[in-house]
Every structure is written in structure tokens, then in C-alpha cells.
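Now for the letters of each chain:
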Amino acid sequence: MLIKIEHNIDAVIANSDSQRATLYLGNLSGQQKQVKYAAAVALTRTAASIKAGLPAELDRVFDRPTPFTKRGVYLKAARRDELTAEVGFMTRQASYLKIQTEGGTRQPTARGIRLPGNIELNAFGNIPRGLTDKLKAAAKDGTLGTAVMRRLGVAAKDRRKGAAPISLFYGKPAGARWGKAPTGIYRRIPGKPGKLVPVILFEDTPAKYKKRLDLDRFAAPIVQREFNAQFDRALRDALATAR
């Protein structure tokens, strides 16, 4: 899951301005070193522009991507002997962004695909770290901390005196009306009849994703805008300092 920028030196020179075309056609002795250096510099600088623009593209495509996601972009510079620059996502970010860049089917793990229900999410639209385990523990022993209660939309100060304690259930609901319900953490609402409100679900069926982040489409106009100008600048500098 990466963007590669590479160029054939002959094509770069032949399709560029007259200075480069003259250099190429005249095959000036000793200049290929400078040409390859300029190409490597231009590729790397163009890749740097792509890397710099990716966080804003993530903001555009996704709903509140986390800082961890946005800073997980790397750049591999081009060299004279390897005229390819590379921009991509680091291993941990790539593990969950791959399906967003390619589309496909996400298979549930043994624990299922975790989906939020009636629960307050964090600032980035995610289930807060550690909350699932706290809710499972609360379903087992009935102990709910103040912070967890707030995530359930319940403030201790607002509960009326004598109100029934908040009761959670972790498992797969039984009964005909719950036949298709996945395993999850549910909140029991007392009444006649009572009901279960999903808090966090662990879906056990595959989820299908469409491609959302098109890296090639994002990078193409940057390459078109940047590369030739960067190559011109780098080549002038290289020829000016050539020995």
C-alpha cells in the first residue's frame, strides 16, 4: 500500500526543456552523473510533497482520522542508482488502512468485528481504549465506574434516588426475537417487558468495504505539477557545481 514515483531518464530529458534535450542529444561527456543526481533529487522532493499532502487527504476522505493515523506516513528517498521514490503507510497504520485503499472483505476475528452501539465515542469517533474490557467486567460483577457510566450516557448526579442499578449483559441474547443478534455487551432496561439495548456488538459476519482512499489518483496531479520543475532546478544546481 504505497505510491512509487519512478522515471526513465531518457524519457525525462527528451520530453523536457531545451537545455535537457541538448544535454541528452549531445551526450556530453561526464554529465550522466549529474542527470541521475538531478532525477533522484526531483523524485525525492516530489515524493515529499505527496507525503506532506497526505494528512489533509486523510481528513478529506475519512471522518476524524486520528493523529496516529495521519503521522504514519513514510518516505523512501530515490538514489542515483535506484531512481524510484516511495511514499507509503507504516506497518501498523497499513494494517487497517489497506482495506480502505483496496476495498474488499474484512473477515471477523475470533472476537468478531467490534461495532459501537448506544455508547459515547471519543473525539475521533472510536470506542475509547480499554472501555470494552471495563464494560465486560461490569457485566460480570455489576461494578460501574463514573467514567464508564458517562460513556453509557448516564451521569450519577442525574440518577434519581432509588433508581434501579444499571445492569449490563455480555453474551448472545436468547429468544426468538434475538435470533440474529450477535454476541455483544447489552444494557438491560427494566420494564414489562424489559428490553436490551446494544452497547458494543461483536459482529461475526464478514464486512464488505469499498475503496475509499485512492492513492494513485491523489498523487498523480502532484507528480505532474512538481516533477519537471524540481528536475530543472536540481539539474541546474548539479551542472553549476559539477567538477
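A quick note: this is a predicted structure, and the numbers were derived from the prediction, not measured.

Criteria and cut-off values
- Residues numbered from 1 in each chain as written.
- Predicted model: local features only at pLDDT ≥ 70, side-chain atom pairs only at ≥ 80, totals over all residues.
- Heavy atoms only, no water.
- Helix = DSSP H or I, 4+ residues; strand = E, 2+ residues; numbered from the N terminus.
- Contact = heavy atoms within 4.5 Å.
- Pairing = 2+ DSSP bridges.
- Axes fitted to C-alpha atoms, helices over the stretch in contact; angles between N-to-C directions.
- Phe/Tyr/Trp six-rings, centres within 6.5 Å; stacked < 30°, edge-to-face > 60°.
- Buried < 20%, exposed > 50% of the residue type's maximum accessible area, 1.4 Å probe, protein only.

Visitor: Teacher, can you tell me more about the environment of Q100 here?
Guide: Tracing the backbone shows Q100 in helix 5 (residues 91-102). As for Q100 and K211, which are separated by 111 residues in sequence, their C-alpha atoms are 5.3 Å apart. Each residue touching Q100, except ones within four places of it in the same chain, is listed here: F62, Y209, K210, K211, R212 and L213.

Visitor: Would you take a moment to explain the sheet that holds strand 7 (residues 183-189) for this structure?
Guide: Hydrogen bonds between backbone groups are what pair the strands of a sheet, and the pairing can be parallel or antiparallel. Here four strands make up an open sheet; going across it, the order is 5-8-7-6 and the pairing antiparallel. Only two strands of the sheet have a single partner each, and these edge strands are strand 5 (113-116) and strand 6 (167-171). Direction aside, the axes of adjacent strands within the sheet are offset by 25° on average. The sheet contacts of helix 6 (residues 131-141) involve strand 5, strand 6, strand 7 and strand 8 (195-203), and relative to strand 6 the element is tilted by about 105°.

Visitor: Just to check I follow, could you spell out the packing of aromatic side chains for this structure?
Guide: In this description, a pair of aromatic rings is defined by centroid distance and the angle of the planes. This structure, assessed with the given rule, holds four aromatic pairs. Geometrically, the ring pair formed by W178 and Y186 is edge-to-face, given 5.8 Å between the ring centres and 80° between the ring planes. You can call W178 buried: its relative accessible area is 16%. Overall, Y186 belongs to the buried group, its relative accessible area being 1%.

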